[in-house]
Amino acid sequence: MPTRRLGELTVGAQGLGLMGMSHGYGDSDDAQSIATIHRALDLGVTLLDTSDFYGSGHNEELLGRALTGARREQAVVATKFGFANRLGEPTAIRGDAAYVREACDASLRRLGVDHIDLYYQHRVDPDVPIEETVGAMAELVRAGKVRHLGLSEASAETIRRAHAVHPIAALQSEWSLWTRDLEAETAPVCRELGIGLVPFSPLGRGFLTGRYTSVENLPETDMRRTQPRFADGNLEQNLAIVDKLNELAEQKGVTAGQLALAWVQHRGDDVVPIPGTRREKYLEENLAAVAIELSAEDLAAIDAAAPAEQVAGTRYDAKSLAFVNR
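Procedures and definitions
- Residues numbered from 1 in each chain as written.
- Predicted model: local features only at pLDDT ≥ 70, side-chain atom pairs only at ≥ 80, totals over all residues.
- Heavy atoms only, no water.
- Helix = DSSP H or I, 4+ residues; strand = E, 2+ residues; numbered from the N terminus.
- Rg over C-alpha atoms; globule rule 2.2 N^0.38 Å.
- Buried < 20%, exposed > 50% of the residue type's maximum accessible area, 1.4 Å probe, protein only.
- Contact = heavy atoms within 4.5 Å.
- Areas by Shrake-Rupley, 256 points an atom, 1.4 Å probe, with all protein chains shown as cover.
- Lys, Arg positive; Asp, Glu negative; His and termini not counted.
- Charge placed at Lys NZ, Arg CZ, Asp CG, Glu CD.
- Pairing = 2+ DSSP bridges.
- Axes fitted to C-alpha atoms, helices over the stretch in contact; angles between N-to-C directions.
- Parallel < 35°, antiparallel > 145°, perpendicular 65-115°, else oblique.
- Left-handed = near helix turned anticlockwise from the far one by under 90°.
- Nonpolar A, V, L, I, M, F, W, Y, C, P; charged D, E, K, R; others polar.
- Phe/Tyr/Trp six-rings, centres within 6.5 Å; stacked < 30°, edge-to-face > 60°.

Per an unreviewed UniProt entry, the chain carries the name Aldo/keto reductase family oxidoreductase and comes from Streptomyces himastatinicus ATCC 53653.

Right, here's the structure in full:
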């Protein structure tokens, strides 16, 4: 596995998103999930991405169980804070200094580690200056509880202000062939400041693999059932994009998902996507995308097959979009 840099942090070129092992996509099996984490480490994945929000802490506990013994030394542990009252509604975002300290200590306990390698603010608190939040995060670095800092779904302006308080190693935001919001302003600012980019959902929540043609076969608790891009009307238009990707993928002897993921990998040497899966089979399929070479002509053909303006529906529903810092 080649490596890439997120600020001063070196990680494998592709990470593993753990959210689906506890949250969002129906029931999961802990033993299967831990086996997938171990397989990822064996194959050179180092960046393992979790959050205190996923499964209301279960995901961090799961990762902690997977990293017992020598496994901890193989992993770059990334987790997030910010979604308060995780068991209640409505969800609240907190970025005040007291909550930052409280959330970090709770994550350390659940993970069973003495430090977090990369600590993100999961969503920006609109009611707390980012300087206060990042200032408290910087205190965690000085205390040895955290090594590097990150932000998630933050705007270019917020990133600049945060980075002025303490170096930000990584921005985690959604980035894929059907979500390209950060390309105009946010990614250039990150590159100006030396901040790495960690795309989540680089496969469009699995849609770009071509495995999902309807929500009817998804579990009742699967979050995709309520997302606009999977809704009737939008779904059909988006499936036409996947059909074009399939054609290109067949020409290269890869899957549509691998082609879409390779496109993300080719966004730059500062890009480390974190596709999520619970199964070793799909983990290995995703990791194969790291080795796929795409020429300028290939990239142009992929862009033509999946133009951003033809994607139907917003990437979140209105409630979730309200938490994205703009």
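S.K.: Which parts of the structure should I look at to understand the overall build of the chain?
M.R.: When you go through the chain residue by residue, the secondary structure sums to twelve helices and eleven strands. Against the compact-globule benchmark of 20 Å for 326 residues, the chain has a radius of gyration of 19 Å, which places it among compact chains. When the backbone C-alpha atoms are referred to their principal axes, the chain occupies close to 55 × 40 × 40 Å. Scored against the burial criterion, the 326 residues of the chain give a buried share of 57%. In the chain, of all internal contacts separated by at least 6 residues, the share reaching a separation of at least 24 is 75%. Of the roughly 13300 Å² of accessible surface on the chain, 48% is carried by carbon and sulfur atoms. Considering the chain, the positive charge centre built from 34 side chains and the negative charge centre built from 47 side chains are found 3 Å apart.

S.K.: Explanation requested: helix α10 (residues 280-287) in the structure shown.
M.R.: Helical periodicity: at 3.6 residues per turn, an α-helix aligns residues three or four positions apart in one direction. Among the residues of α10, L283, E285, N286 and L287 are the ones counted as buried. Buried residues belonging to α10 abut β3 (16-17), α1 (30-42) and α9 (256-265).

S.K.: I would appreciate a short explanation of the sheet that holds strand β11 (residues 196-200) in the present structure.
M.R.: Strands belonging to one sheet form pairs held by backbone hydrogen bonds; the direction of such a pair is parallel or antiparallel. With respect to topology, seven strands assemble into an open sheet ordered β3-β4-β5-β8-β9-β10-β11, the strand pairing being parallel. Among the strands making up the open sheet, the edge pair consists of β3 and β11. Note: strand β4 (residues 47-49) against strand β5 (residues 76-81), three bridges, orientation parallel. Within β5, the residue paired with D49 across the bridge is A78. Along the sheet, helix α5 (residues 130-142) contacts β5, β8 (116-121) and β9 (146-152); its crossing angle with β9, the most-contacted strand, is approximately 155°.

S.K.: Teacher, can you tell me more about the packing of helix α6 (residues 156-165) against helix α7 (residues 186-193) here?
M.R.: When two helices pack together, their arrangement is captured by the angle between the axes and the distance separating the axes. As a packed pair, α6 and α7 sit with axes 9 Å apart at the nearest point and diverge in direction by 20°. Classed by the angle they form, the pair α6 and α7 counts as roughly parallel. Where α6 crosses over α7, the two elements pack in a sense that is right-handed. For the pair formed by α6 and α7, the contact residues are A156, I159, R160 and H163 on the first element and T186, V189, C190, E192 and L193 on the second. Classifying every residue of the contact of α6 with α7 gives five nonpolar, two polar and two charged.

S.K.: Would you mind showing me how to read the packing of aromatic side chains here?
M.R.: How two aromatic rings sit relative to each other is set out by the distance from centre to centre and by the angle between their planes. With the rule as written, the count across this model stands at six aromatic pairs. Taking the centre distance of 4.4 Å and the plane angle of 25° together, the rings of F53 and F83 count as stacked. Placement of F53 in the loop between β4 and α2 (58-66) and of F83 in strand β6 (residues 83-84) is noted, with a sequence separation of 30 residues between them. Accessibility assignment for this pair places F53 and F83 in one class, buried. With a centroid separation of 5.8 Å and an interplanar angle of 80°, the aromatic rings of F83 and F323 are classed as edge-to-face. Of this pair, F83 sits in strand β6 while F323 sits in the segment after α12 (318-321), and the two are 240 residues apart along the sequence. An aromatic cluster is present here, built from F53, F83 and F323 joined pairwise through their rings.

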